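Geometric and topological summary
As a plain string of letters, each chain reads:
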Amino acid sequence: MKKNILLLHTGGTISMKMTVDGAVLPNERNPIIDAKESLATYANTIEIEAFNLPSPHITPTEMLTLRNLIVTQTQLYKIDGVVITHGTDTLEETAYFLDLTTNFDFPIVLTGAMRSSNELGADGIYNLVEAVRVACDEKARGKGVLVVMNDEIHQAFNITKTSTSSVNTFQSPQYGPIGLVTKKAIHIQQQPVRRQYVPLEAITKRVALLKVYAGMEADMIESILAAGYDGLVLEGLGQGNVPPAVAKAIKKLLAHHMPVVLVSRCFNGIAEGVYGYEGGGKELEDAGVIFANGINGQKARLKLLIGMNQLHTPIDLKLFFV
Ligand code: ASP
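This report concerns the structure included in the present document. Computed from a predicted structure; not experimentally measured. (Residues numbered from 1 in each chain as written. Predicted model: local features only at pLDDT ≥ 70, side-chain atom pairs only at ≥ 80, totals over all residues. Heavy atoms only, no water.)

1. As for the pattern of salt bridges
Our working rule: Throughout this description, the term salt bridge denotes a Lys or Arg side-chain nitrogen within 4 Å of a carboxyl oxygen of Asp or Glu. Secondary structure elements are taken from DSSP: a helix is a run of H or I of four residues or more, a strand is a run of E of two residues or more, and numbering for both begins at the N terminus. Each residue gets one of three labels from its accessible area relative to the maximum for its type: buried under 20%, exposed over 50%, partly exposed in between, using a 1.4 Å probe on protein chains only.
Under the definition given, this model contains eleven salt bridges. Note that glutamate 138 is salt-bridged to lysine 3, the shortest N-O span being 2.9 Å. One end of the pair, glutamate 138, is in the loop between helix H4 (124-136) and strand E7 (145-149); the other, lysine 3, is in strand E1 (residues 3-9), and 135 residues separate them in sequence. Here glutamate 138 falls in the exposed class, since its relative accessible area comes to 52%.

Given below as structure tokens:
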């Protein structure tokens, strides 16, 4: 029997067209609606155009709307899986947001395109069909939120956009994809070791993300306090170190009870408190900085945002990031 797939469109290149003068733009009529016939081979779809936004316009508010839409649709219909089309620029952020804020066993799969619908070699409908095939597959259940692009299946926790233009842009540094899509089958070889779920009702707090660099001064960090942010994520150096001026500013933020989370700006590896010199990760950890256990800066920022917006049952942020 065919599965019921909730198909949510949010915009992005997958639903755009290139004009004669070479600008890629949103389209009034979403061109992926033409994929209906190809999808009907695999599933019954309940299709909703949630937004039609380029993904740089997506904010945590839209992410929460999507999460709530999935919840309400599952109350109305028997849903076997969800597929979300999304711009690739912030796709990993929406994927990770949904990973943390939903706890369904059925697959939630995000996909997008690197080439708009009327460009040569357009990859949108191809990726969409693959995403629906994965969402229909029993092996994809219980794996958390997935991203399917270019014949690969990735977990939201690991995936990141690595190329500005290649169709092979999405990679999972350190761990690789959890599966592959071939012409005949869905192959999944890995199982997440754990899933985290936090219910989220509203987003009122603000969290900033800054990248650390050689010679960074304190003023940039201190401006976070002045601008009224509630939390800060820093992409630190190497194993999780910062220049001395930054370390001093971090301590000021901590003294104001502002959570500071550190990730590494390195593409691979996990930041840890190792070095004990001024600004070294061990010194920062002892001062109260939280290490983010391998997620990248943009995901750590969402995780802190979600953790800080627990209105009724506050979360122990240190444990949340373990
Ligand atoms: N700039 C586009 C977006 O994220 C890129 C894409 O969809 O591939 O909306």
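2. Some points on a nonpolar patch on the surface
We apply this condition: Within this analysis, patches are made of residues with over 30% relative accessible area and no salt bridge. Like charges are joined at 9 Å or less; nonpolar side chains (Val, Leu, Ile, Met, Phe, Trp, Tyr) at 5 Å or less. To measure how exposed things are, a 1.4 Å probe is used in the Shrake-Rupley method; for residues, cover is taken only from the protein chains shown.
Together, Val274, Tyr275 and Tyr277 make up an exposed nonpolar region whose accessible area comes to about 290 Å². Note on placement: tyrosine 277 falls in the loop between strand E15 (260-264) and helix H7 (281-287).

3. What to know about the site of the ligand
Which entries qualify depends on this criterion: A cutoff of 4 Å decides nearness: a residue is near a molecule or strand if any of its heavy atoms lies inside that distance of it. Under this definition, polar contacts are N or O atom pairs within 3.5 Å; protein pairs additionally need one hydrogen-donor-capable and one acceptor-capable atom, and for neighbouring residues in sequence, both atoms have to be side-chain atoms. Note on residue classes: Ala, Val, Leu, Ile, Met, Phe, Trp, Tyr, Cys and Pro are nonpolar, Asp, Glu, Lys and Arg are charged, and everything else, Gly too, is polar.
Taken together, the residues surrounding the ligand are Gly12, Thr13, Pro54, Ser55, Pro56, Gly87, Thr88, Asp89 and Ala113. Serine 55 places a polar side-chain atom, nitrogen or oxygen, 2.5 Å from an oxygen atom of the ligand. Tallied by class, the residues present in the shell around the ligand amount to three nonpolar, five polar and one charged.

4. Concerning the packing of aromatic side chains
Quick reminder of the rule: Here the aromatic set is Phe, Tyr and Trp, taking the six-membered ring for Trp, and pairing holds for ring centres within 6.5 Å; pairs whose planes are under 30 degrees apart are stacked, those over 60 apart are edge-to-face, and all others are tilted. For a lysine, the NZ atom is tested; for an arginine, the CZ atom; a charge sits over a ring if that atom is within 6 Å of the ring centre and within 35 degrees of the ring normal.
Applying the stated criterion across every chain yields a total of four aromatic pairs. Ring geometry for tyrosine 275 versus tyrosine 277: centroids 5.5 Å apart, planes at 40°, classification tilted. For tyrosine 275, a relative accessible area of 39% translates into the label partly exposed. Measuring from ring centre to ring centre gives 5.9 Å for phenylalanine 320 and phenylalanine 321, while their planes differ by 70°; the resulting arrangement is edge-to-face. Given the relative accessible area of 6%, phenylalanine 320 is considered buried. Above the ring of phenylalanine 320, the side-chain terminus of lysine 303 is found at 4.9 Å from the ring centroid. Seen from the ring of phenylalanine 321, lysine 303 lies directly overhead, with NZ or CZ sitting 5.2 Å from the centre.

5. Here's the deal with the pairing of strand E13 (residues 207-211)
To keep things clear, this is the line we draw: Note: two strands are recorded as paired if DSSP finds a minimum of 2 bridges between them.
The pairing of E13 with strand E14 (residues 231-236) spans five bridges and is parallel. Each bridged residue has a counterpart across the sheet, and for valine 207 the counterpart in E14 is glycine 231.

Geometric values such as these leave the question of function open.
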